[in-house]
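Summary of the model geometry
Okay, here's what each chain looks like letter by letter:
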Amino acid sequence: MTSPEDALGFLHDRRVIVFGAGYVGGAVARAAFAGGARVVALTRNSTKAAALRALGVKALVADLADGDWHAQVPMEAGDLVLNCVSSGGGGEAGYEHSYAAGMRSVLAWHQAAPLELAASSHLVYTSSTSVYPAADGQRVDESSTTEGGNPLPGILLKTEERVRAWRGAHTILRLAGIYGPDRHYLLNQLRDSESDGRVAGQAETHLNLIHRDDIVAAVFATWAQRETTAGQVYNLADDGAAPKGEVIAWLAAHLDRSAPEFTGQPAGGRRRMTPDRVIANDRFKAATGWRPHYPTFREGYAAILGA
């Protein structure tokens with residue numbers, strides 16, 4: 001089992017730069033700071049920035065796609081850099097601005113630094129398993145076909161291509177569905193179903209999830225093993241991939257209520273159904289020794305529910 005604490009010795013007195021210090025990035029920033037790293041964090045949210053500053057983190061409020069922050073974050077030797085910015089909504093335009101334009105801005109900042117400093121850095125970029133079109137219960141690994149023709153996955157893939165222009169080490173982590181403390185979409189969906197006893201989606205569709213804390217541990221494992229992970233793309237998911245009907249039934253039982261029926265339709269605000277596939281995490285586990293602390297939804301949601 002790998003946890004954020006396992007990497008704290010490795011992080012001591014290193015400089016960690018987090019672009020997008022939101023749900024995942026904020027957790028990385030806090031854990032890295034607790035481990036003795038000198039942390040610089042960039043976020044659009046002034047409240048989150050204030051909370052990080054209260055801990056002692058240097059937190060800047062800025063839009064990653066703009067260049068105003070460049071002069072405030074000079075590069076240092078051996079910088080460990082994370083870009084885990086989110087789209088912040090806004091559909092295709094939000095994706096283009098946050099992901100593609102944001103990465104272009106990061107590259108401009110990086111390319112302005114002396115080569116010896118740039119080459120010693122290691123960038124981890126968090127992409128998404130939504131780049132894969134596979135469905136029908138297929139097993140998906142890093143060699144699977146990607147979905148460049150669809151607008152939103154296409155923007156993610158374009159951003160991944162920009163990551164490959166990084167002059168130091170770079171690693172791409174394609175994340176499955178993120179959940180954890182204060183972020184539990186399925187629980188909210190179940191609670192919202194109390195009025196009519198129905199939830200969106202299909203019972204047989206496999207859910208691919210990854211707990212926030214396991215992402216944090218994976219980022220640290222990636223940085224700690226630069227020689228192995230540099231230049232690689234990895235899927236990051238837990239070991240579960242259970243059908244949604246199984247997950248909802250388990251949650252309903254732990255909330256002492258009846259399991260709802262499924263509508264067979266996408267959730268509100270979503271363009272399409274979640275594809276039925278199983279995301280393989282074997283490659284990252286073999287490369288780094290990382291193992292999820294929450295290997296299935298049961299462990300993760302038990303912690304959230306205090307079960």
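Residues numbered from 1 in each chain as written. Predicted model: local features only at pLDDT ≥ 70, side-chain atom pairs only at ≥ 80, totals over all residues. Heavy atoms only, no water.

Here we take up the environment of Asn281. With respect to the element layout, Asn281 can be found in the loop between strand E13 (277–279) and helix H11 (282–288). Discounting chain neighbours no more than four positions away, the residues touching Asn281 are Asn235, Ala237, Asp238, Asp239 and Trp290. Within the structure, Asn281 has its side chain in polar contact with the backbone oxygen of Asp238 (distance 3.3 Å). (Helix = DSSP H or I, 4+ residues; strand = E, 2+ residues; numbered from the N terminus. Contact = heavy atoms within 4.5 Å. Polar contact = N/O pair within 3.5 Å; in protein donor to acceptor, adjacent residues only side chain to side chain.)

This next bit is on the packing of aromatic side chains. In this description, an aromatic ring pair is defined by two values, namely the gap between the centres and the angle between the planes. Considering all chains together, one arrives at 10 aromatic pairs under this definition. When the ring of Phe19 is compared with that of Trp109, the centres are 5.5 Å apart and the planes differ by 85°; the resulting orientation is edge-to-face. Here the residue Phe19 occupies a position in strand E1 (residues 15–19), and Trp109 occupies one in helix H4 (residues 91–111), the gap between them amounting to 90 residues. Accessibility expressed as a relative area gives 1% for Phe19, which makes it buried. (Phe/Tyr/Trp six-rings, centres within 6.5 Å; stacked < 30°, edge-to-face > 60°. Buried < 20%, exposed > 50% of the residue type's maximum accessible area, 1.4 Å probe, protein only.)

Before going further, it helps to spend a moment on the packing of helix H10 (residues 244–254) against helix H12 (residues 297–305). Orientation of H10 relative to H12, taken along the N-to-C sense of each, is 30°, at an axis distance of 11 Å. The angle between H10 and H12 places the two elements in the roughly parallel class. For the crossing formed where H10 meets H12, the hand is right-handed. Contact with H10, carried on its side by Glu246, Val247, Trp250, Leu251 and His254, involves Phe297, Arg298, Tyr301, Ala302 and Leu305 of H12 and no other residues of that element. Across the contact of H10 with H12, the residue classes break down as seven nonpolar, one polar and two charged. (Axes fitted to C-alpha atoms, helices over the stretch in contact; angles between N-to-C directions. Parallel < 35°, antiparallel > 145°, perpendicular 65-115°, else oblique. Left-handed = near helix turned anticlockwise from the far one by under 90°. Nonpolar A, V, L, I, M, F, W, Y, C, P; charged D, E, K, R; others polar.)

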